[in-house]
Amino acid sequence: MSAAEPLDGLARRLPAVLGRPVEVTGLAQASGGASRETWFVELDGGARRLVLRRDPVGAARPEGMAREAVVLEAARAAGVPVPLVVDHNTDASILGSPYVLTEHVDGESIPRRLLREPEFAAARGKLARELGRAAALIHRVPAPDLPSADPLDQLVATYEELGEPLPAVEIAFRWLRANRPPDTGRTLVHGDFRNGNLIVGPDGLRAVLDWELVHLGDPMEDLGWLCVNAWRFGSSLPVGGFGTREELFDGYAEIAGQRPDPDAVRWWEILGTARWGVICRSQAQRHLSGERPSMELAAIGRRVCEQEHDLLAELGVPRPAGPGQERRAPVSDLHGRPSAAELVAAVADFLRDEVVPGSTGRMRFQSRVAANTLSIVERELALGERQERRHQGRLADLGLADRAALAGAIRDGELDPWQPETAAAVWEQVLDRLAVANPRHPRGIS
């Protein structure tokens with residue numbers, strides 16, 4: 001076991017917490033988890049299972065972890081389906097960093113399985129309504145001392161700190177400022193209520209997970225976030241890929257006594273799309289700055305253009321006629337075959353075809369991320385030079401030096417993003433980036 005694994009600490013801590021001798025017979029780190037670690041803990045040969053959530057070692061956020069534990073207990077008392085808290089502590093000497101330890105809840109959390117496998121067909125049919133009821137219960141939880149800030153101002157501040165202006169995000173900010181609905185109240189807000197943070201069984205919703213972003217705010221934030229295209233995973237159904245907004249609102253009204261305003265939820269959905277784009281870039285910055293070197297965090301940075309695409313589509317920015325099939329760069333006469341792009345593609349295929357099938361758990365997930373990242377590199381090698389020339393030509397036609405200047409002109413009102421020339425320039429740079437980052441990016445039907 002590596003020093004970063006919490007095995008020894010669990011072996012010392014659990015007998016005192018549970019009041020009896022126990023043996024940790026299984027410990028495995030879950031795949032994913034860009035901000036916090038998740039570990040599956042097996043006791044006494046599988047007689048009991050727990051889930052450990054902790055901050056990465058050396059990157060502790062004790063206040064947030066303590067807040068999550070308190071809110072989990074309050075949510076459970078209010079009838080929200082959440083795991084039972086077994087133990088929590090902010091003392092890093094116990095398990096290496098602040099943590100929350102809960103009972104394991106049986107079920108599935110991987111979105112693509114939930115949305116595709118026959119086992120969950122019955123659950124899918126009623127899940128949007130169940131999520132509406134769960135959200136309304138969350139918004140009834142008595143709110144302890146929680147952070148509270150204006151979400152749009154906070155998002156803009158985070159975006160500006162990154163120092164990478166994005167034209168599509170600037171368009172979204174203009175729209176969000178001009179169309180902000182009245183607040184619908186101040187309640188406890190989960191902050192990351194979406195497909196991927198749920199445990200679902202064949203019978204339906206079993207638990208809402210990952211409360212690290214909990215705060216005080218407008219309850220419609222949770223509903224809008226749930227409807228963001230990124231959490232549909234290719235499905236045409238807007239509520240997490242499971243169902244319709246009408247079903248979600250029906251479930252919410254059963255508990256809250258009133259239906260949400262669709263226009264208010266749409267505003268929060270658009271803010272959520274912009275927010276996820278900024279989060280993707282922020283996660284990449286943690287890698288780029290050296291704060292937390294991570295292939296996964298680096299790869300997330302290339303997902304920003306997916307959110308830019310969704311913002312432009314959702315806001316109705318006029319889209320130019322689609323280009324023809326992208327031509328790939330000719331093979332270098334100097335280096336011959338295989339080209340750099342072909343070599344990278346060969347390594348990506350090796351990871352997908354041989355490493356991923358032979359791996360499990362986090363290694364399987366990381367191998368898949370590595371293969372997808374190499375495919376991005378392969379496409380950029382093959383397409384990037386021509387794309388860059390087109391990009392510079394578009395900017396020159398507008399009298400601009402770079403993408404930051406385009407974003408600045410939109411922000412300052414010098415360019416109208418709904419005018420055909422500006423709209424085309426914004427759309428085409430997003431589509432070029434998407435052709436490299438994820439040419440199969442799905443846009444669900446709203």
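Given the structure is predicted, the values throughout are model-derived calculations rather than measurements.

Rules of the game
Residues numbered from 1 in each chain as written. Predicted model: local features only at pLDDT ≥ 70, side-chain atom pairs only at ≥ 80, totals over all residues. Heavy atoms only, no water. UniProt positions renumbered as here; feature names shortened; annotations may be inferred. Helix = DSSP H or I, 4+ residues; strand = E, 2+ residues; numbered from the N terminus. Axes fitted to C-alpha atoms, helices over the stretch in contact; angles between N-to-C directions. Parallel < 35°, antiparallel > 145°, perpendicular 65-115°, else oblique. Left-handed = near helix turned anticlockwise from the far one by under 90°. Contact = heavy atoms within 4.5 Å. Nonpolar A, V, L, I, M, F, W, Y, C, P; charged D, E, K, R; others polar. Expected span 1.5 Å × (residues − 1). Polar contact = N/O pair within 3.5 Å; in protein donor to acceptor, adjacent residues only side chain to side chain. Salt bridge = Lys/Arg side-chain N within 4 Å of Asp/Glu carboxyl O. Buried < 20%, exposed > 50% of the residue type's maximum accessible area, 1.4 Å probe, protein only. Phe/Tyr/Trp six-rings, centres within 6.5 Å; stacked < 30°, edge-to-face > 60°. Lys NZ or Arg CZ within 6 Å of the ring centre and 35° of its normal. Pairing = 2+ DSSP bridges.

Participant: For this particular structure, what's the right way to read the UniProt feature "domain: DUF6285" (unreviewed entry) in the protein?
Facilitator: Feature annotation in UniProt places "domain: DUF6285" (unreviewed entry) on residues 359-440, given in this structure's numbering. Overall, residues 359-440 shows 78% helix and 0% strand. The separation of its end C-alpha atoms is 25 Å.

Participant: What is the right way to look at the packing of helix 10 (residues 262-288) against helix 12 (residues 304-315) in this model?
Facilitator: In a packed pair of helices, the relevant descriptors are the angle between the two axes and the axis-to-axis distance. Two elements in contact, helix 10 and helix 12, have axes whose closest approach is 8 Å; the angle formed by their N-to-C orientations is 160°. Here helix 10 is positioned roughly antiparallel relative to helix 12, judged by the angle of their axes. Two packed elements cross with a definite hand, and for helix 10 against helix 12 that hand is left-handed. On the side of helix 10, the interface is formed by Arg-266, Glu-269, Ile-270, Thr-273, Ala-274, Trp-276, Gly-277, Cys-280 and Arg-281, while helix 12 contributes Val-304, Gln-307, Asp-310, Leu-311, Glu-314 and Leu-315. Here the residues of the contact of helix 10 with helix 12 sort into 7 nonpolar, 3 polar and 5 charged.

Participant: Which parts of the structure should I look at to understand helix 6 (residues 151-162)?
Facilitator: Along an α-helix, a turn takes 3.6 residues, which lines up residues three or four apart on a common side. Under the 1.5 Å per step criterion, the end-to-end length of helix 6 is 17 Å for 12 residues, consistent within 8% with the ideal 16 Å. If you follow the buried residues of helix 6, they end up packed against helix 7 (167-178) and helix 10. Capping the start of helix 6, Asp-150 holds a side-chain oxygen 3.2 Å from the backbone nitrogen of Leu-152, two or three residues further along.

Participant: Please clarify how the pattern of salt bridges should be interpreted in this entry.
Facilitator: Under the criterion given, the structure shown has 38 salt bridges. As a salt-bridge pair, Arg-362 and Glu-296 come within 3.7 Å of each other at their nearest N and O atoms. Of the two residues, Arg-362 is situated in helix 14 (residues 361-397) and Glu-296 in helix 11 (residues 295-300); the sequence distance between them amounts to 66 residues. Classification of Glu-296 as buried rests on a relative accessible area of 8%. Counted as one network, the salt bridges with shared partners bring together Arg-36, Arg-53, Asp-55, Arg-61, Glu-68, Asp-210 and Glu-212.

Participant: What should I look at first to understand the packing of aromatic side chains in this one?
Facilitator: The geometry of two aromatic rings is summed up by the distance between their centres and the angle between their planes. If you walk through the whole model with that rule in mind, you get 4 aromatic pairs. Measuring from centroid to centroid gives 5.2 Å for Tyr-159 and Phe-173, while their planes differ by 85°, and the two rings are edge-to-face. With Tyr-159 in helix 6 and Phe-173 in helix 7, the pair connects residues that are 14 residues apart, well separated along the chain. For the pair Tyr-159 and Phe-173, a shared accessibility class is recorded, and that class is buried. Each ring, one from Trp-231 and one from Trp-276, has its centre 5.0 Å from the other, and the planes form 55°; the classification is tilted. One end of the pair, Trp-231, is in the loop between helix 8 (220-226) and helix 9 (245-256); the other, Trp-276, is in helix 10, with 45 residues separating them in the sequence. Residue Trp-276 is classed as buried on the basis of its relative accessible area, which comes to 13%. In textbook terms, an aromatic cluster arises when at least three aromatic residues are bridged by ring pairs, as seen for Trp-225, Trp-231 and Trp-276. The aromatic ring of Trp-231 is capped on one face by Arg-194, whose charged end is 4.1 Å from the ring centroid.

Participant: Could you clarify how one ought to interpret the sheet that holds strand 5 (residues 99-103) in this entry?
Facilitator: Backbone-to-backbone hydrogen bonds join strands into a sheet, with any given pair of strands oriented parallel or antiparallel. In space, the 5 strands of this open sheet follow the order 1-2-3-5-4, with antiparallel pairing throughout. The sheet is open, and its two edges are formed by strand 1 (24-29) and strand 4 (85-89), each paired on a single side. Direction aside, the axes of adjacent strands within the sheet are offset by 20° on average. Sheet analysis places strand 3 (residues 48-54) next to strand 5, joined by 5 bridges and oriented antiparallel. Counted as the bridge partner of Leu-50 is Glu-103 from strand 5. With respect to the sheet, helix 1 (residues 7-18) is in contact with strand 1, strand 2 (37-43), strand 3, strand 4 and strand 5, its orientation differing from that of strand 1 by roughly 125°.

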